[in-house]
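Chain by chain, the residues run as shown.
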Amino acid sequence: MTLPWLLAGLLALGVLLAWAQLIARRRGAATDERGSRSRFLLLCALQPVCALLLYFTLLPPRQASTPGTLVVMTANAGQVALPAALQGQPRVALPEAAASDDSERVPDLGTALRRHPDAGTLHVIGDGLEARDRDALGDRRVMYSPTALPRGVVELAPVGVVAPGDTFISGGRVNDVPKATVVLFDPAGQRIDAAPVDEQGRFRLTGVARLPGPALFRVEVREARGSVADAASLPVWTQPSTPPRVWVLAGAPHAEGKYLRRWATDVGIPLHLQVSLGGGMQLGDAPLPMNAETLRRFDLLVLDARTAAGLGEAQRAALGAAVRDGLGVLVRADGPISLPVQRLLGVPAVGNDESEFRLSRPAPDDDAWRARRGAGTADLPVDADAVPGGLPILTRRAVRMPAGDDVALLRDAAGAPAAWWHAMGRGRVGVWTPADTYTLVLAGHADVHAALWSQAFATLARAGARAIAAAPDGARVGERVALCGIADDARIVAPDGITTQVVRDPATGSARCAGFWPRSAGWHQLRVGDAATPFFVRAEDDAPSLHRAELQAQTRSRTGAASAVVASPSAMEGVRGPAWPWFLAWLSASALLWWLERRRAPAG
């Protein structure tokens, strides 16, 4: 700070002496030799201008900079223009970054921070930080200048473990592919679904999981002219689950209950069916009393409006307690529901009127629909003529739409809910308005009938045992995977059979997390005893656009203020700018000053 103040003082003193000399010369000169007043004022004004320009020539202003900033170059950093405020700051390049002469190469971010311990702010340039480097950030401030979002699939929702025959849903987002269509292929390469992207680039696809075990579906993004713009694999693990224990109560015999029981028998669901004939007579299985002990034996209770109306006060109390404890209830709205049941379960009133509706087609065209249905078996062949005929028209009861937090369980072709559910304590209560889904079976669409009831049962039934650990999403070869909630004896089995013992990090505490670096792509299993949680590891070159977008999202989530670097100019911080522009300006002002001082007024 001494030199700038000393130089400023000397230049200010020089300006004052120059002013004093100009004033004394003007007063001592004859009137005809003084020159014009404007020339005198211009000479006085040029003195501080020249002094100021000389000051900035000798000490150029410092560029705007952030104290203690370390520039971190990541993959594709060359596509981002380095902000001017970062010029002259120390710069490191991670292994993913391209070679650069003026960047210090480091194997990871932790090494870079050990070499630059005074770095309080990190400015990341490029695609972002890998999982290897994100934990090294600590409490440092992170700024981020990302590359442009890549072209193709940038979001893809993972599919959880599904049961054989169930329909799964996956959605995502496509970037920079106008008028794109997203196509889903099954493991055999057959197209089973296709959907256009909306204005935000989002899409939604559905598929069918058939045989137990791992399966690798494929998502392709196609441009308007039909060429493939991007592709990504969609892993799906199909695993038989413990079937829910279901108790069905019907107030009268009907075809809906008959075909519901037939479907449950085919898929192995232990369904206890009681059909009341009136006068104390019943069909089906042995009658059971509705009390707390009986309800604990089941995971889902299905009852129609007539049965619900016949519940006594003690039965309603036992039912309400069972639902709050986790039991699922599905009310078939085939008639008016009594007011006490409406209050108990929080279901809406049901009218007497019926209306027709259609379900949406399972696939965008007949070929994709046939591929989804498969060939069937020798015992249950698929009706080949059912697809051209389409789905039959169904009927439903008029129900006042709930105004709470109810979630749609089934929608018609127009998108209007035909069934919905809401939470009640630890359990769920659903309302089902379709009255004749059995006609789907009669029309050759047993698969659609099965999918409807399978989704309803899976959504409402009492939750089963929790997974032994949370399966990681987006695992990739060579990148660290975080596994949390694991036991001490957990191990990972790779596709080639190699078993790796998982060592839990004590620093994670109750989260019980561990790190794992997969070496091979494919399905891995996290095992604890006989229980296993599958997770998929992508190859390094699988879905590159998705990987880049995930890196950007992860890095952006670790940033503080999301804007540009805040300038903090200081006399001791940052680097000084170039001096030559200030020198040229000083030389021009000095030349003008010299010319004015040598110029004399004409004689007389």
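Residues numbered from 1 in each chain as written. Predicted model: local features only at pLDDT ≥ 70, side-chain atom pairs only at ≥ 80, totals over all residues. Heavy atoms only, no water.

Peer 1: Got a sec to walk through the overall build of the protein? Specific residues and values, please.
Peer 2: Helix and strand counts for the protein come out as 15 helices and 29 strands. A compact globule built from 604 residues should have a C-alpha radius of gyration of about 25 Å, whereas the protein, at 38 Å, is more than 25% larger. If you line up the protein on its principal axes, its C-alpha atoms span 135 × 60 × 55 Å. Burial analysis of the protein (604 residues in total) assigns 44% to the buried set. Residue pairs at least 24 apart in sequence account for 66% of intrachain contacts in the protein once pairs closer than 6 positions are excluded. Total accessible area on the protein stands at roughly 30,800 Å², and carbon and sulfur atoms take up 56% of it. Charged side chains in the protein number 64 positive and 59 negative. The centres of these two groups are separated by 9 Å. (Helix = DSSP H or I, 4+ residues; strand = E, 2+ residues; numbered from the N terminus. Rg over C-alpha atoms; globule rule 2.2 N^0.38 Å. Buried < 20%, exposed > 50% of the residue type's maximum accessible area, 1.4 Å probe, protein only. Contact = heavy atoms within 4.5 Å. Areas by Shrake-Rupley, 256 points an atom, 1.4 Å probe, with all protein chains shown as cover. Lys, Arg positive; Asp, Glu negative; His and termini not counted. Charge placed at Lys NZ, Arg CZ, Asp CG, Glu CD.)

Peer 1: Quick rundown of the packing of aromatic side chains? Include the residues and the values.
Peer 2: Applying the stated criterion to the full structure yields 12 aromatic pairs. Relative to F217, the ring of F168 has its centre 5.1 Å away and its plane inclined at 75 degrees; by these criteria the two rings are edge-to-face. Taken as a pair, F168 in strand β7 (residues 167–175) and F217 in strand β11 (residues 213–222) lie far apart in primary sequence, 49 residues in all. Overall, F168 belongs to the buried group, its relative accessible area being 3%. (Phe/Tyr/Trp six-rings, centres within 6.5 Å; stacked < 30°, edge-to-face > 60°.)

Peer 1: Explain the packing of helix α5 (residues 255–267) against helix α13 (residues 446–460) to me, using residue names and the numbers behind them.
Peer 2: Helices that pack against each other are described as a pair by the angle of their axes relative to one another and the distance between those axes. α13 packs onto α5 with a crossing angle of 80 degrees between their chain directions and a minimal axis gap of 11 Å. If you check the angle between α5 and α13, you find them roughly perpendicular. In this structure, α5 uses E256, Y259, L260 and W263 to contact α13, whose residues at the interface are H449, A450, W453, S454 and F457. (Axes fitted to C-alpha atoms, helices over the stretch in contact; angles between N-to-C directions. Parallel < 35°, antiparallel > 145°, perpendicular 65-115°, else oblique.)

Peer 1: How would you explain the environment of A229 if you had to name every residue and give the values?
Peer 2: Looking at the element boundaries, A229 is found in strand β12 (residues 228–238). You can call A229 partly exposed: its relative accessible area is 23%. Ignoring sequence-local partners within four residues, the contact set of A229 consists of R151, V177, V221, R222 and E223.

Peer 1: Explain helix α1 (residues 2–28) residue by residue, including any values.
Peer 2: Taking 1.5 Å per residue, 27 residues should reach 39 Å; α1 reaches 39 Å between its end C-alpha atoms and fits that length. Within α1 the residues assigned to the buried category are P4, L7, L11, V15, A18 and L22. In the core, the buried residues of α1 are packed alongside α2 (37–58). (Expected span 1.5 Å × (residues − 1).)

Peer 1: Can you explain a nonpolar patch on the surface? Please cite residues and give values.
Peer 2: On the surface, W580, F583, L584 and L587 cluster together into a nonpolar patch covering about 430 Å² of accessible area. For L587, the location among the structural elements is in helix α15 (residues 580–598). Look at L587 and you get partly exposed, because its relative accessible area is 43%. (Patch = residues over 30% accessible without salt bridge, like charges linked within 9 Å, V, L, I, M, F, W, Y side chains within 5 Å. Salt bridge = Lys/Arg side-chain N within 4 Å of Asp/Glu carboxyl O.)

Peer 1: Before we move on, can you summarise the state of the cysteines with the specific residues and values?
Peer 2: Per the stated rule, a full pass over the model turns up one disulfide. Paired by a disulfide, C484 and C513 hold their sulfur atoms 2.0 Å apart. Its torsion about the S-S bond being 105 degrees, the disulfide of C484 and C513 is classed as right-handed. Of this pair, C484 sits in the loop between β24 (481–483) and β25 (491–493) while C513 sits in the loop between β26 (499–501) and β27 (514–516); the two residues are 29 residues apart in sequence, bridging distant segments of the chain. (Disulfide = S-S within 2.5 Å.)

Peer 1: Please set out the packing of α1 against α2 residue by residue, giving values where relevant.
Peer 2: At a minimum axis separation of 10 Å, α1 and α2 run at an interaxial angle of 165 degrees. Taken together, α1 and α2 sit at an angle that is classed as roughly antiparallel. Every pair of crossing elements has a handedness; the one defined by α1 and α2 is right-handed. Two secondary-structure elements touch here, α1 through P4, L7, A8, L11, V15, A18, W19, L22, I23 and R26 and α2 through R37, F40, L43, C44, Q47, P48, A51, L54, Y55 and L58. Considering only residue class, the contact of α1 with α2 consists of 17 nonpolar, one polar and two charged. (Left-handed = near helix turned anticlockwise from the far one by under 90°. Nonpolar A, V, L, I, M, F, W, Y, C, P; charged D, E, K, R; others polar.)

Peer 1: So, unusual backbone geometry: which residues are in play, and what are the values?
Peer 2: Phi is positive for N76, close to 60 degrees, though the residue is something other than glycine. Along the polypeptide, N76 turns up in the loop between β1 (69–73) and β2 (91–93). The exposure class of N76 is partly exposed, given its relative accessible area of 30%.

Peer 1: Which residues make up the pattern of salt bridges, and what are the values?
Peer 2: Here the structure, examined in full by the defined rule, presents 22 salt bridges. For R202, the salt bridge is made with E155, and the minimal N-O distance between the two is 3.0 Å. Pair noted here: R202 is in strand β10 (residues 202–208) and E155 is in strand β6 (residues 152–156), with a separation of 47 residues, a long-range link. With relative accessibility at 39%, the residue R202 sits in the partly exposed group. Since its relative accessible area comes to 28%, E155 is described here as partly exposed.

Peer 1: So what's going on with the pairing of β11? Residues and values would help.
Peer 2: Inspection of the sheet shows strand β8 (residues 181–185) paired to β11 by five bridges, in the antiparallel sense. Residue V182 lies in a different strand from β11, and its bridge partner there is V221. For β11 and β12, the ladder comprises 10 bridges, and the chain directions are antiparallel. For V219, the partnering residue across the bridge sits in β12 and is A232. (Pairing = 2+ DSSP bridges.)

Peer 1: Which residues make up the sheet that holds β25, and what values go with them?
Peer 2: Pairing within the open sheet is mixed, and its five strands lie in the order β23-β29-β28-β25-β26. Taken across any chain shown, the strands that pair with only one partner, and hence form the sheet edges, are β23 (475–476) and β26. Sheet topology places β23 next to strand β29 (residues 531–538); two bridges connect them, and they run parallel. Bridge pairing links R476 to R538 in β29.

Peer 1: Tell me about the side chain of R39, residues and numbers included.
Peer 2: Mapped onto the elements of the fold, R39 is located in helix α2. Only 2.8 Å separates the side chain of R39 from the backbone oxygen of L596, close enough to count as a polar contact. (Polar contact = N/O pair within 3.5 Å; in protein donor to acceptor, adjacent residues only side chain to side chain.)

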